[in-house]
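Survey of secondary and tertiary structure
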Amino acid sequence: PELQDLDCRLNETAVGDKTGVALGRALGGCDKLTKVFVSLEGTKLTDKGGQALAAGLNRPELQDLDCRLNETAVGDKTGVALGRALGGCDKLTKVFVSLEGTKLTDKGGQALAAGLNRPELQDLD
């Protein structure tokens, strides 16, 4: 699809892993995405859906990412997947990732940080 800008807010809903997997799959088919805002705060999302969503964020043209998964059951597997995905976004210049109130530990946090450790990132929140 020709989609370049996505704004998806499903906060405080009963969605969970099936939605995370579906979003990840849908994002995977959007090669021209340059800007993504996805917020699933306060949902039933776990690592299964978080990993699939993260994989879909590995877009070659992505420049601006805002991903909010606060108050969900995601953890280290999602952190590792996000780090891996962000490491593959060659044109990424702006990132905001929020995982407050999740099951993330140092393992997932370090993997996420490793994916963000790139000189081309200019605006890192």
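For the structure, see preceding data.
Residues numbered from 1 in each chain as written. Predicted model: local features only at pLDDT ≥ 70, side-chain atom pairs only at ≥ 80, totals over all residues. Heavy atoms only, no water.

1. Here's the deal with the environment of L112
Residue placement: L112 occurs in helix 4 (residues 106-116). You can call L112 buried: its relative accessible area is 10%. Considered as a pair, L112 and K91 are 21 residues apart in the sequence and their alpha carbons are 17 Å apart. Apart from the residues within four sequence positions on either side, L112 is in contact with G79, L82, G83, L86, V97 and L99. (Helix = DSSP H or I, 4+ residues; strand = E, 2+ residues; numbered from the N terminus. Buried < 20%, exposed > 50% of the residue type's maximum accessible area, 1.4 Å probe, protein only. Contact = heavy atoms within 4.5 Å.)

2. Let's talk about the nonpolar core
Of all hydrophobic cores here, the largest spans 28 residues; its most connected members are V36, L65, L69 and L86. When contributions to this core are tallied by element, the ones reaching two or more residues are strand 1 (5-9), helix 1 (17-28), strand 2 (35-39), helix 2 (47-56), strand 3 (64-68), helix 3 (76-87), strand 4 (94-98) and helix 4. Element by element, the count of residues in this core is highest for helix 3, at three residues. V36 has contacts with L6, L57, L62, D64, L65 and D66, leaving out every residue within four places of it along the chain. (Core = buried A, V, L, I, M, F, W, Y, C linked by side-chain atoms within 4.5 Å.)

3. Remarks on helix 4
Of all the residues in helix 4, the buried ones are G108, L112, G115 and L116. Buried residues in helix 4, looked at end-on, bunch into an arc of 100°, giving them a common side. Across helix 4 from its buried face, at more than 90 degrees, point the exposed residues D106, K107, Q110 and A114. (Arc of directions from axis to C-beta.)

4. Observations concerning the pairing of strand 3
Counted residue by residue, strand 3 has four buried out of five residues, so it is predominantly covered. Here strand 2 pairs with strand 3 via five bridges, running parallel. Counterpart to K35 in the pairing with strand 3 is D64. In the classification by handedness, the crossover that spans strand 2, the intervening helix 2 and the parallel strand 3 is right-handed. Of the strand pairs in this sheet, strand 3 and strand 4 are connected by five bridges, and their pairing is parallel. Residue pairing in the sheet places D64 in a bridge with K94 of strand 4. On the question of chirality, the crossover connecting strand 3 to the parallel strand 4 by way of helix 3 is right-handed. (Pairing = 2+ DSSP bridges. Right-handed = clockwise from strand over helix to strand, strands pointing away.)

From the geometry alone we can't say anything about function, so treat these as descriptive.
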